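# Coordinates in review
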Amino acid sequence: MEAVITYIASGFQAVGFSLATATTMATFVAGSIVSYGIGYISMKLGLYDQDFSASNFDSGIQANKISPVSPIPVIYGRRTVGGSVVFRDLENSTKDLYQAMVLSEGEIEGVEAVYINDVPLTSTISLHDALENNTDDRYTYTATTKIATDEQLLKQINQRANRVNFEIMTGADNQEPSTLLSASSLYTENHKGYKVAYIATKIQYDRDIFPSGVPHILCDVKGKKVYDPRDETTAWSDNPALCMLDYLNNEIYGCKIPLENIDLDSFKTEANYCDEIVTVKDVTGTERSQKRYTCNGVVNTDDTCLNNMNKILTSMRGMLVFSAGKYKLKIDKLETASFEFTESNILGDWTITGGTKRMVANKVVARYFNSHNRFIETLAVTSISFLTSFCSCN
């Protein structure tokens, strides 16, 4: 494997971009992308002080990070994310910045929108959630998309689109080098990013558009392709049962459990249950239809397998059972009773105790990533009267 190389750039602060690390990083190695080390100089300057531990992972999902130890996440379903910059080069007298930012383990389905300093690069964006409709008066909404109509927003979109070129690398097994980054003198045909999804960008310097220097990039990612034992295909899905199966079986970032040690029939049954269409009521009391359970999350590959499995299982009220030498998926749901307890078959004394006042809540506070606001972490406070009056989901 080739050594990771750190280059010191010269003269780029006079005209064009000024990088905070004062370095240009050539950090692709043959056949794969690695999270690079900025090196001894950067540490002495105090530039490497970011914390990517599990406890800080969620809050940094939308950051643009530079770190030698930043984990490559796994994106299931859809999420809006930043990433880890693993390659930077300045060309054309430092006016052109070439950059590669890792998004996820691959292979992903793709990227549906790219934002530069919170402004999209296209005027038409796919909706993540039906509830997103009419939440931003700068757009006109259709059933599946929102279209920018605000004059100022359209101007900002056009300005950035004229200065930023990008290429999405989905992390396929046979992924080829980036065509866009090939214009960099530091980039070679060996820099393929094997099984790693990333966005390659070329950003042209413009002091009016990017007055603060290197802009912040966000991507609406349609995430990991997963195996579906129901039809034996591999494709994108937000079905939490299939995401759980992928994490259990994957040998790079998952639990490395062979399929022969997994009860696939249980995963097929619960995947069908997750895909069932149910009718729910929103906060206004309006009924709408949706899949029973979906999984739209970012897995921290530096966290433990047990923690990651538990987080995926919460998206479907699921549990894993190890029985007869195999892992079985079970979802908590209403089912037909297999045995009836009555006074005639219960021996001895028994009592039924209800909950005390201390156990009764008058409101529920939910913390979640809001799918109709680019998955920004949000708090929702709901009264018990709302839950009892409007929740009709079985």
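What you see is a predicted model; the values in this text were computed from it and never measured.

## With respect to the packing of aromatic side chains
- Counted by the stated rule, this structure contains 4 aromatic pairs.
- Between the aromatic rings of Phe 87 and Tyr 187, the centroid separation amounts to 5.9 Å while the plane-to-plane angle is 75 degrees, which identifies the pairing as edge-to-face. With Phe 87 in strand S8 (residues 83-91) and Tyr 187 in the loop between strand S15 (164-169) and strand S16 (196-204), this residue pair connects regions lying 100 residues apart in the sequence.
- Its relative accessible area of 8% is what places Tyr 187 among the buried residues.
- With centroids separated by 6.3 Å and ring planes inclined at 55 degrees, the aromatic side chains of Tyr 273 and Tyr 293 adopt a geometry described as tilted.

## Some remarks on helix H3 (residues 151-161)
- When H3 is considered as a whole, its buried residues turn out to be Leu 153, Ile 157 and Arg 160. The buried residues of H3 all sit within an arc of 75 degrees when viewed along its axis, so they share a single face.
- Check the buried side of H3 and you find it contacts strand S10 (108-116), strand S11 (119-120), strand S13 (139-141), strand S14 (145-148) and S15.

## Considerations on the pattern of salt bridges
- Throughout the structure, instances matching the rule amount to 15 salt bridges.
- Ionic pairing is found between Lys 195 and Asp 173, a salt bridge with its closest N-O pair at 3.9 Å. One end of the pair, Lys 195, is in the loop between S15 and S16; the other, Asp 173, is in the loop between S15 and S16, and 22 residues separate them in sequence.
- Owing to a relative accessible area of 24%, Lys 195 belongs among the partly exposed residues under this scheme.
- Overall, Asp 173 belongs to the exposed group, its relative accessible area being 53%.
- Here the residues in one salt-bridge network are Asp 228, Arg 230 and Asp 275, joined through shared partners.

## Examining the layout of surface pockets
- The computed volume of the second largest pocket comes to approximately 370 Å³.
- If you trace the second largest pocket, you find 19 residues lining it, with Lys 224, Lys 225, Thr 234, Asp 246 and Asn 250 closest to the centre.
- Residue assignment for the lining of the second largest pocket shows that the elements contributing at least two residues are strand S17 (217-228) and helix H4 (240-249).
- When its residues are assigned to classes, the lining of the second largest pocket shows 7 nonpolar, 5 polar and 7 charged.

## A word on the sheet that holds S16
- Sheet architecture is open: 5 strands sit in the order S5-S8-S9-S16-S15, paired in mixed fashion. Only two strands of the sheet have a single partner each, and these edge strands are strand S5 (64-65) and S15.

## Quick look at empty space enclosed by the protein
- Per the counting criterion, the structure on display carries 1 cavity of 30 Å³ or more.
- Considered as a void within the structure, the largest cavity measures approximately 100 Å³ in volume.
- Taken together, 15 residues form the lining of the largest cavity, with Ile 61, Lys 65, Pro 73, Gly 83 and Leu 103 sitting closest to its centre.
- Mapped onto the lining of the largest cavity, the elements with two or more residues apiece are S8 and strand S9 (96-105).

## Looking at a nonpolar patch on the surface
- Judged by side-chain polarity, Val 365, Leu 379 and Val 381 come together as a nonpolar surface patch covering roughly 290 Å² of accessible area.
- Here Val 381 is to be found in strand S25 (residues 376-383).
- For Val 381, a relative accessible area of 57% puts it in the exposed group.

## A closer look at the sheet that holds S13
- Strand order in the open sheet formed by 3 strands is S12-S14-S13, with antiparallel pairing between adjacent strands. Two strands lie at the open edges of the sheet, namely strand S12 (124-126) and S13, each paired on one side alone. Geometrically, the sheet is characterised by an average inter-axis angle of 25 degrees between neighbouring strands, direction not taken into account.
- Where S12 lies against S14, 3 bridges are found, and the strand directions are antiparallel. Bridged to Ile 125 within S14 is Lys 146.

Calculation rules
- Residues numbered from 1 in each chain as written.
- Predicted model: local features only at pLDDT ≥ 70, side-chain atom pairs only at ≥ 80, totals over all residues.
- Heavy atoms only, no water.
- Phe/Tyr/Trp six-rings, centres within 6.5 Å; stacked < 30°, edge-to-face > 60°.
- Helix = DSSP H or I, 4+ residues; strand = E, 2+ residues; numbered from the N terminus.
- Buried < 20%, exposed > 50% of the residue type's maximum accessible area, 1.4 Å probe, protein only.
- Arc of directions from axis to C-beta.
- Contact = heavy atoms within 4.5 Å.
- Salt bridge = Lys/Arg side-chain N within 4 Å of Asp/Glu carboxyl O.
- 1 Å grid on protein atoms, 1.4 Å probe; cavity = no way out; pocket = protein on both sides within 12 Å on 5 of 7 lines; lining within 4 Å.
- Points joined across faces, edges and corners; volume = space filled by probe spheres on them.
- Nonpolar A, V, L, I, M, F, W, Y, C, P; charged D, E, K, R; others polar.
- Pairing = 2+ DSSP bridges.
- Patch = residues over 30% accessible without salt bridge, like charges linked within 9 Å, V, L, I, M, F, W, Y side chains within 5 Å.
- Areas by Shrake-Rupley, 256 points an atom, 1.4 Å probe, with all protein chains shown as cover.
- Axes fitted to C-alpha atoms, helices over the stretch in contact; angles between N-to-C directions.

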